[in-house]
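A closer look at the structure
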Amino acid sequence: MDFISSIIMGIIEGLTEFLPVSSTGHMILTAHLLGLSEDNESVKTFEVVVQLGAVLAVVVLYWNKFIDMFRFTGGKRPYSRRLNLGHIILAMVPAVVIGLVFRDWIKAHLFGPQTVLYSLVIGGILMIVAERWSHKSSRITTHDVDDITYKQAFAVGMFQILALWPGFSRSGSTISGGLFAGISRVAAAEFTFLVSVPIMIGATGYDMYKSIDHLNSDDFLIFAIGFIAAFIVAMLAIKTFLSILKRLSLTVFAVYRFVLAAVFFVILMM
């Protein structure tokens, strides 16, 4: 991997990690187009590193919100009546449990271009169904992330299990789950960002530990450039995405997923 590839991969990671379009699918496709082998341990480790760059963007943008979660007293509302650690834990538990139990099976059977193609399509269909369901009167009852209930947080967590299937997209599955649970698109997206931080730190931290033998000083600069690119682009992507969600539905992103799946299919057939 060279510096140009590092920048491109970092940009793609930052741009797609928090959008409902599957960062995994884009990273696999980009690596293929750049001539990088997905089986190369150095490339796998690089992808883990740039994910942490994207996670850092959420931490920076929502720093006050994270601090508020650990402020058990004070604030405009009582702790139990605003978004708190209880909501985050409830949203994390389902995917964490299933992920730990079936990690090896998922790695063996769901990681690959063909399975990503399927998940892009199925995830897109889910998003369209969720949008249509939410359009019926009175189904969206929560418009602010601080108004999300524990029950809604757990419902979102159940949908997050789908994100264990590479290509399904964490934000796509959880925002769809939020709509089914009566949460607005923007509030569900912000909740998704917040929940993603501990999950991604845990998952990438474990992967980093497993990949420690494949890290060396020669790769440091290339990895650092990708990390910085992912961080900067993710900051911009999150702000832009929230703005878009106020005007457009998830259907737009679902259509994009179908187009990406078609491109994926053509490339796989070549």
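In case you missed it, the structure is sitting above this.
Right, let's walk through the structure included here. Not measured: the values here are computed from a predicted model. (Residues numbered from 1 in each chain as written. Predicted model: local features only at pLDDT ≥ 70, side-chain atom pairs only at ≥ 80, totals over all residues. Heavy atoms only, no water.)

1. Some remarks on helix 1 (residues 3-16)
- Over its 14 residues, helix 1 extends 20 Å from the first C-alpha to the last, a length consistent with the 20 Å expected when each residue adds 1.5 Å.
- When we look at burial in helix 1, the residues that qualify are Ser-5, Ser-6, Met-9, Gly-10, Ile-12, Glu-13, Gly-14 and Thr-16.
- Turning to helix 1, the residues buried within the fold contact helix 2 (23-33), helix 3 (41-61) and helix 10 (220-245).
- If you check the start of helix 1, you find a side-chain oxygen 3.4 Å away from the backbone N of Ile-4, and it comes from Asp-2. (Helix = DSSP H or I, 4+ residues; strand = E, 2+ residues; numbered from the N terminus. Expected span 1.5 Å × (residues − 1). Buried < 20%, exposed > 50% of the residue type's maximum accessible area, 1.4 Å probe, protein only. Contact = heavy atoms within 4.5 Å. Polar contact = N/O pair within 3.5 Å; in protein donor to acceptor, adjacent residues only side chain to side chain.)

2. Some remarks on the nonpolar core
- Judged by nonpolar contacts, the single largest core of 46 residues is most densely connected at Phe-191 and Phe-193.
- Considering every element that reaches this core, the biggest residue donor is helix 9 (residues 185-210), with 11 residues.
- The contact partners of Phe-193, leaving out residues within four places of it in the chain, are Phe-18, Val-58, Tyr-62, Ile-238, Phe-241 and Leu-242.
- Grouped together as the second largest cluster of nonpolar side chains are 12 residues, Met-27, Ala-31, Leu-36 and Phe-46 included. (Core = buried A, V, L, I, M, F, W, Y, C linked by side-chain atoms within 4.5 Å.)

3. Quick word on the packing of helix 5 (residues 85-109) against helix 9
- For the pair helix 5 and helix 9, interaxial distance at closest approach is 10 Å and the crossing angle is 35°. With respect to the hand of their crossing, helix 5 and helix 9 are arranged in right-handed fashion. Where helix 5 approaches helix 9, its residues His-87, Ile-88, Ala-91, Met-92, Arg-103 and Lys-107 are matched on the opposing element by Phe-191, Leu-194, Val-195, Pro-198, Ile-199, Tyr-206 and Asp-207.
- Classifying every residue of the contact of helix 5 with helix 9 gives 9 nonpolar, 1 polar and 3 charged. (Axes fitted to C-alpha atoms, helices over the stretch in contact; angles between N-to-C directions. Left-handed = near helix turned anticlockwise from the far one by under 90°. Nonpolar A, V, L, I, M, F, W, Y, C, P; charged D, E, K, R; others polar.)

4. Here's the deal with the side chain of Ser-119
- Within the element layout of this structure, Ser-119 appears in helix 6 (residues 113-134).
- Within polar-contact distance, the side chain of Ser-119 engages the backbone nitrogen of Phe-168 at 3.5 Å.
- Look past the residues within four positions of Ser-119 in its chain and what remains in contact with it is Trp-165, Pro-166, Gly-167, Phe-168 and Arg-257.

5. Notes on the pattern of salt bridges
- On inspection of all chains with the given rule, the structure shows 4 salt bridges.
- The closest approach of N and O atoms between Lys-65 and Asp-146, which form a salt bridge, is 2.8 Å. A residue pair is termed long-range when its members are at least 10 positions apart, and Lys-65 in helix 4 (residues 63-69) and Asp-146 in the loop between helix 6 and helix 7 (150-160) qualify at 81 residues. Taken as a pair, Lys-65 and Asp-146 share a single burial class, namely buried.
- Glu-131 serves as the salt-bridge partner of Arg-185, at 3.1 Å between the closest nitrogen and oxygen. (Salt bridge = Lys/Arg side-chain N within 4 Å of Asp/Glu carboxyl O.)

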